[in-house]
Amino acid sequence: VQLQASGGGLVQAGGSLRLSCAASGSIRSINLMYWYRQAPGKQRDFVGLITNGDNTHYADSVKGRFTISRDNTKNTWFLQMNSLKPEDTAVYYCRAHITSSSGGNTYWGQGTQVTVSS
């Protein structure tokens, strides 16, 4: 199983970006899908998650601005980021609990850079 994050880039404050994370491999089910971020010199922080029942949960710092959704037909989930602020600048990582042909495991994507200019 592999996760591929994409969609990062440079945007001005107040702008929007949409990140995607696509899972591939011998996947039987994707149970929990997460987004994390890591700013330079800081720890990796939780951004949000979506369950396979479409329940979502967000960090307070992004609540009301970011939205997670998913497309089960493509084993893909998304992070819609609106009203971006310079403090949202970070490498964004996707993560998932996936049941595959080899059992249940947690996987991380490689990260995609988001830079918000003031």
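These lines cover the structure that appears in this document, whether it is placed above or below.

The description of an aromatic ring pair rests on the distance of the ring centres and on the angle between the ring planes. Counting across every chain of the model gives 4 aromatic pairs. Where Tyr93 meets Trp108, the ring centres are 6.5 Å apart and the plane angle is 85 degrees; that geometry is what we call edge-to-face. With a gap of 15 residues between them, Tyr93 in strand 9 (residues 90-100) and Trp108 in strand 10 (residues 103-108) connect regions that are remote in the sequence. Ring pairing ties together the aromatic residues Tyr34, Tyr36, Phe46, Tyr93 and Trp108, which thus form one cluster. One Lys or Arg, Arg95, reaches over the ring of Tyr34 and ends 4.6 Å from the middle of that ring.

Bringing the state of the cysteines into the picture now. Scanning the model with the defined rule gives 1 disulfide in all. With its sulfur 2.0 Å from that of its partner, Cys21 forms a disulfide with Cys94. Disulfide Cys21-Cys94: torsion about the S-S bond near 60 degrees, hence right-handed. Note that Cys21 is positioned in strand 3 (residues 17-24) and Cys94 in strand 9, a separation of 73 residues in sequence. Residue Cys21 is classed as buried on the basis of its relative accessible area of 0%.

Basis of the calculations
Residues numbered from 1 in each chain as written. Predicted model: local features only at pLDDT ≥ 70, side-chain atom pairs only at ≥ 80, totals over all residues. Heavy atoms only, no water. Phe/Tyr/Trp six-rings, centres within 6.5 Å; stacked < 30°, edge-to-face > 60°. Helix = DSSP H or I, 4+ residues; strand = E, 2+ residues; numbered from the N terminus. Lys NZ or Arg CZ within 6 Å of the ring centre and 35° of its normal. Disulfide = S-S within 2.5 Å. Buried < 20%, exposed > 50% of the residue type's maximum accessible area, 1.4 Å probe, protein only.

In short, shape yes, function no, at least from these values alone.
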